[in-house]
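A structural walkthrough
Chain by chain, the residues:
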Amino acid sequence: MKQEIIISGFGGQGVLSMGKILAYAGLMEGKEVTWMPAYGPEQRGGTANVTVIVSDEKISSPILSRYDTAILLNQPSLDKFQNKVKSGGSLLYDSFGILDKPSREDISSFHVNAMETAADMKMMKCFNMIVLGGLLKLHPIVSLESVMKALRKTLPERHHHLLPMNEQAILKGMEIICKD
């Protein structure tokens, strides 16, 4: 099993954190992983993306030009990365951030109403965990248990009281993902 993923959106959406948690979870399961973030000079509001590879075998290079799966959380990200998904791959997007829906016929497109759901649940800080839950429903490349261990490792201890809320958000994302 090898999954090559790009996650892209605006700064502040938790793009880099989502990739980091996915990579940590893979490491905890003894998998080979890479995590390569890329972002502009803006801390929040600028575009950010991260490439994550999770594999059962050695990874030859962390640099990719095509992806098995793309998680695209805004229109500029969709415009930039939609055509870089391998034929037969998956594209996952948040319905709130996309005006022009994915147009490719040779990939599977899925949407998750993460922004709307996070607002309804009064869990805006867990937006990215809802999206991550959608990914894990599509491609269970790591277990929920490993994701929770990764969250415990990456969240500062003063925020550990938020772990149950994050788990609830992941489970909700698994529940609400829909194929286009």
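Note that the coordinates shown come from a computational prediction; the quantities given were computed from them, not determined experimentally. (Residues numbered from 1 in each chain as written. Predicted model: local features only at pLDDT ≥ 70, side-chain atom pairs only at ≥ 80, totals over all residues. Heavy atoms only, no water.)

Some remarks on the confidence of the model for the protein chain
Residues shown with low pLDDT carry predicted positions that ought not to be read at fine detail. Of the residues in the protein chain, 96% reach a pLDDT of 70 or more, and the chain-wide mean stands at 93. When mean pLDDT is compared element by element in the protein chain, strand β4 (residues 67-72) scores highest at 98, while strand β2 (residues 32-39) scores lowest at 91. (pLDDT = per-residue confidence, 0-100. Helix = DSSP H or I, 4+ residues; strand = E, 2+ residues; numbered from the N terminus.)

What to know about the sheet that holds strand β5 (residues 85-94)
Strands sit in the order β2-β3-β1-β4-β5-β6-β7 across an open sheet of seven strands; the sheet is mixed. Looking along the sheet, the strands with just one partner apiece sit at the ends: β2 and β7 (178-179). In terms of strand pairing, β4 meets β5 through five bridges, oriented parallel. Among the inter-strand pairings, isoleucine 71 is bridged to a residue of β5, identified as leucine 92. Contacting β1 (2-10), β2, β3 (47-55) and β4, helix α1 (residues 15-28) runs over the sheet at an angle of about 170 degrees to β2. (Pairing = 2+ DSSP bridges. Contact = heavy atoms within 4.5 Å. Axes fitted to C-alpha atoms, helices over the stretch in contact; angles between N-to-C directions.)

A closer look at the nonpolar core
One finds Leu22, Ile71, Leu92, Val131, Leu132, Val147 and Leu151 to be the most contacted residues of the largest nonpolar core, which totals 38 residues. Contributions of two or more residues to this core are made by β1, α1, β3, β6 (108-112), α3 (114-120), α4 (127-138), α5 (144-154) and α6 (163-176). With seven residues, the single largest contributor to this core is α4. Core analysis: the next-biggest nonpolar cluster, separate from the first, contains 14 residues, Tyr67, Leu72, Leu78 and Phe81 among them. (Core = buried A, V, L, I, M, F, W, Y, C linked by side-chain atoms within 4.5 Å. Buried < 20%, exposed > 50% of the residue type's maximum accessible area, 1.4 Å probe, protein only.)

Some points on the environment of lysine 84
For lysine 84, the position within the fold is in the loop between α2 (75-81) and β5. In this structure lysine 84 comes out as partly exposed when scored by relative accessible area, which is 34%. Between the C-alpha atom of lysine 84 and that of glycine 26, which follows or precedes it by 58 residues, the distance is 23 Å. Excluding residues within four positions of it along the chain, lysine 84 makes contact with Ser65, Arg66, Tyr67 and Arg104.

Details of the side chain of aspartate 68
Position of aspartate 68 among the secondary structure elements: in strand β4. For aspartate 68, a relative accessible area of 19% corresponds to the buried category. A distance of 3.1 Å separates a polar atom in the side chain of aspartate 68 from a polar atom in the side chain of lysine 86. The contact partners of aspartate 68, leaving out residues within four places of it in the chain, are Lys2, Gln3, Glu4, Val85, Lys86, Gly89 and Ser90. (Polar contact = N/O pair within 3.5 Å; in protein donor to acceptor, adjacent residues only side chain to side chain.)

With respect to the packing of aromatic side chains
Applying the stated rule across the entire model yields one aromatic pair. Pairing tyrosine 67 with phenylalanine 81 gives two aromatic rings, centres 6.3 Å apart and planes at 80 degrees, and the pair type is edge-to-face. Of the two residues, tyrosine 67 is situated in strand β4 and phenylalanine 81 in helix α2; the sequence distance between them amounts to 14 residues. Phenylalanine 81 matches tyrosine 67 in its accessibility class, with the two residues each being buried. Above the face of the phenylalanine 110 ring, lysine 179 is positioned so that its terminal group lies 5.3 Å from the ring centre. (Phe/Tyr/Trp six-rings, centres within 6.5 Å; stacked < 30°, edge-to-face > 60°. Lys NZ or Arg CZ within 6 Å of the ring centre and 35° of its normal.)

Remarks on the pattern of salt bridges
Counting across every chain of the model gives nine salt bridges. Across the pair glutamate 32 and lysine 58 runs a salt bridge, and its minimum N-O distance is 4.0 Å. Of this pair, glutamate 32 sits in strand β2 while lysine 58 sits in the loop between β3 and β4; the two residues are 26 residues apart in sequence, bridging distant segments of the chain. The exposure class of glutamate 32 is partly exposed, given its relative accessible area of 30%. Classification of lysine 58 by relative accessible area gives exposed; the value is 70%. (Salt bridge = Lys/Arg side-chain N within 4 Å of Asp/Glu carboxyl O.)

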